[in-house]
Each structure stands twice: as structure tokens, then as C-alpha cells.
Amino acid sequence: MWDKKWVIGNWKMNGRLQNNNALVHKLRSMPVQQKVCIGIAPPTVYLSQVHNAVQIVLNNTIHTCAQDVSRFAGNGAYTGEVSAEMLKDVGVDVVLIGHSERSLYFNEKNDIQRHKIENVLAVGLTPLLCVGESLKEREDGREKEAVAYQLSVLKGLKTDCFAVAYEPVWAIGTGKVANKEQIADMHAFIYSEILSLCGNDAKIRVLYGGSVDPANAADIFAVPHVDGALVGGASLTYEAFSDIIRAAEQA
């Protein structure tokens, strides 16, 4: 998976049993995609449903992804929390860490994200760290400073595989998309930061997220150092999500 484009659909707080079944059933029937690693990140309550459904896919491997994980490991008196061990137990492969909405609504910062990443790695799952600057940080010319600080949580981790999603906060769910020059510049910067923090042998995937849709996907995938996409709203319909997957296959 570390030499393919990743296309991961983040359903956020969307989904119902019947609708999920219909969407995943259509995705299961997609033609073989040789160059794409496909993932679905449903709400936690639907992880088992999605995992069980994608196990019988004949054409493509579809990875089950979690939108979040507890900062607490193992078991304990942490009402409402879901541990990395539990995620592994229900078939999760990849775990989103530090999505901007977690920072915005739940005040999660680097220290919490580091705990989550370590917990995910400890059970053999893949963390996907989300980074990105606010509109003010972009306007003030501090976008790289902001992203470098967020990436600093990767330093010293016991792994040589690093997956990051770059999501400019001002482009998430707004219909705005960073231009190709901005995307290329930040993705190249993220690559260089990871190499400087984690060594030249690091395996790296850097996805772009921020209002990715069928109309702009091909242009985004053509940008250097863009290794895929973390897709929000467009992942909720088969037509849009499959178009993005096909664009990644053809990139």
C-alpha cells in the first residue's frame, strides 16, 4: 500500500445501516484498481458493518478506517472511549488522528495526538495524521510553521512508515480548494519535514484533503508529492467517490 495512491472516504457523522449497505455494495463491484489503496472511515458504530461487508470484495481490497481513537490504551473506566485494541478487534486497518474538527470542537492538541498515534502503532495499525493551517495562518504567511509544529508529533516514533493528510482548514467543507501551486509547495514541505524528523528511509504517503470532488480530483492527483486524497462529502455517494478512485487510478 505504500507505493499506491490512497483514496480514503471520511464519512464523518453520516450514515445509516441501509444506506451504508447500498454504498458499500456498489463499491464492492468496482473494477480492479491496481494503483489505488481504497479506504472507508465510517462512524465508530458502523465499523463492524463496513468491515464485514468489505471482507467479501472480489475485485479490490477496501480498508476499514476509524475516524478517531482514545488516547487511553487497553481497558479502563473511560466511559464513551474506544481504544486502539478495540479498533483492531473489529477489523480496522487505518486510524485518522488529529483531524481539524477534533482540534476545533474537542480542543485536541499535539500531546493528545501523540498518545493516540503511539496507541495505534502499538497494536499494529496505521495512523493517518491530519495537518493543516487555518485561514489566518495562511494569510499571515505562517502556514509552514503551523504544519511543522503539527508534524513534530512524529519525531521518535517506532516506525518507518508515515501517512499524513494535508487539509488546509479553510478548504474543508467550504468548496474552496488550494491551488495547485499551494498544494505542491506544502506537500513537498511535508515530505522534507518527515524525512528530517524521521530519517531518509521513511516510507511516506501524503494525501490531500479539502473539498476534493470528481471535478478537481484528476488535477490534484497530478500534483507532485500528492499520494492520494482524504475525501469528505464526496465519499457519501458511489458516483462521486468512484469517480475520484478512478481518477487516482489514472494519475
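Residues numbered from 1 in each chain as written. Predicted model: local features only at pLDDT ≥ 70, side-chain atom pairs only at ≥ 80, totals over all residues. Heavy atoms only, no water.

As annotated in an unreviewed UniProt entry, the protein carries the name Triosephosphate isomerase and comes from Neisseria elongata subsp. glycolytica ATCC 29315. What UniProt records for the protein under Subcellular location (unreviewed entry) is the sentence "Cytoplasm". Here is the UniProt Subunit (unreviewed entry) comment for the protein, exactly as written: "Homodimer." (UniProt positions renumbered as here; feature names shortened; annotations may be inferred.)

Tallying each qualifying case throughout the model produces 1 cavity of 30 Å³ or more. Space inside the largest cavity adds up to approximately 50 Å³. Taken together, the elements giving at least two residues each to the lining of the largest cavity come down to helix 5 (110-122), strand 5 (126-131) and strand 6 (161-166). In terms of residues, the lining of the largest cavity owes the most to one element, strand 6, which gives 3 residues. Broken down by class, the residue content of the lining of the largest cavity amounts to 9 nonpolar, 1 polar and no charged. (1 Å grid on protein atoms, 1.4 Å probe; cavity = no way out; pocket = protein on both sides within 12 Å on 5 of 7 lines; lining within 4 Å. Points joined across faces, edges and corners; volume = space filled by probe spheres on them. Helix = DSSP H or I, 4+ residues; strand = E, 2+ residues; numbered from the N terminus. Nonpolar A, V, L, I, M, F, W, Y, C, P; charged D, E, K, R; others polar.)

Time to look at the pairing of strand 4 (residues 94-97). Side-chain direction in a regular strand flips from residue to residue, so the side chains alternate between the two faces of the sheet. Burial along strand 4 is two-sided: the residues Val94 and Leu96 and Val95 and Ile97 are all buried. Relative to strand 4, strand 3 (residues 62-66) runs parallel, the two sharing 2 bridges. Bridge assignment links Ala66 to a residue of strand 4, and that residue is Val95. Here strand 4 runs beside strand 5; their pairing, made up of 4 bridges, is parallel. Residue pairing for strand 5: Val95 is matched across the bridge by Pro127. (Buried < 20%, exposed > 50% of the residue type's maximum accessible area, 1.4 Å probe, protein only. Pairing = 2+ DSSP bridges.)

For the rest of this paragraph, the subject is the environment of Pro42. Structurally, the position occupied by Pro42 is in the loop between strand 2 (36-41) and helix 2 (47-54). In this structure, the C-alpha to C-alpha distance between Pro42 and Gln67, residues 25 residues apart in sequence, is 7.0 Å. If near-sequence neighbours (up to four positions away) are discounted, Pro42 is found in contact with Trp11, Leu47, Val50, Cys65 and Gln67. (Contact = heavy atoms within 4.5 Å.)

What follows deals with the side chain of Ser70. Along the chain, Ser70 falls in the loop between strand 3 and helix 3 (84-89). Taking relative accessible area as the criterion, Ser70 reaches 3% and is therefore assigned buried. Of the polar contacts made by the side chain of Ser70, one reaches the side chain of Glu81; its length is 2.7 Å. Apart from residues lying up to four places away in sequence, Ser70 is in contact with Glu81, Val82, Ser83, Lys116 and Asn119. (Polar contact = N/O pair within 3.5 Å; in protein donor to acceptor, adjacent residues only side chain to side chain.)

Taken as a whole, this structure holds 3 aromatic pairs when the rule is applied. A ring pair is formed by Tyr166 and Tyr208, whose centres lie 6.1 Å apart and whose planes are at 55°; its orientation type is tilted. In this pair, Tyr166 is assigned in strand 6 and Tyr208 in strand 7 (residues 203-209), connecting sequence segments 42 residues apart. The exposure classification of Tyr166 matches that of Tyr208, with both residues buried. Lying over the aromatic face of Phe106, Arg102 brings its terminal NZ or CZ to 3.9 Å of the ring centre. (Phe/Tyr/Trp six-rings, centres within 6.5 Å; stacked < 30°, edge-to-face > 60°. Lys NZ or Arg CZ within 6 Å of the ring centre and 35° of its normal.)

Turning next to the sheet that holds strand 6. As summarised here, the arrangement of the 8 strands in space is 1-2-3-4-5-6-7-8, forming a closed barrel in which the pairing is parallel. Neighbouring strand axes in the sheet, compared pairwise and without regard to direction, differ in orientation by 25° on average. Against the sheet, helix 5 contacts strand 4 and strand 5, and its axis sits at roughly 155° relative to strand 5. The sheet strands contacting helix 8 (residues 180-198) are strand 5, strand 6 and strand 7, and the helix crosses strand 7 at an angle near 150°. (Axes fitted to C-alpha atoms, helices over the stretch in contact; angles between N-to-C directions.)

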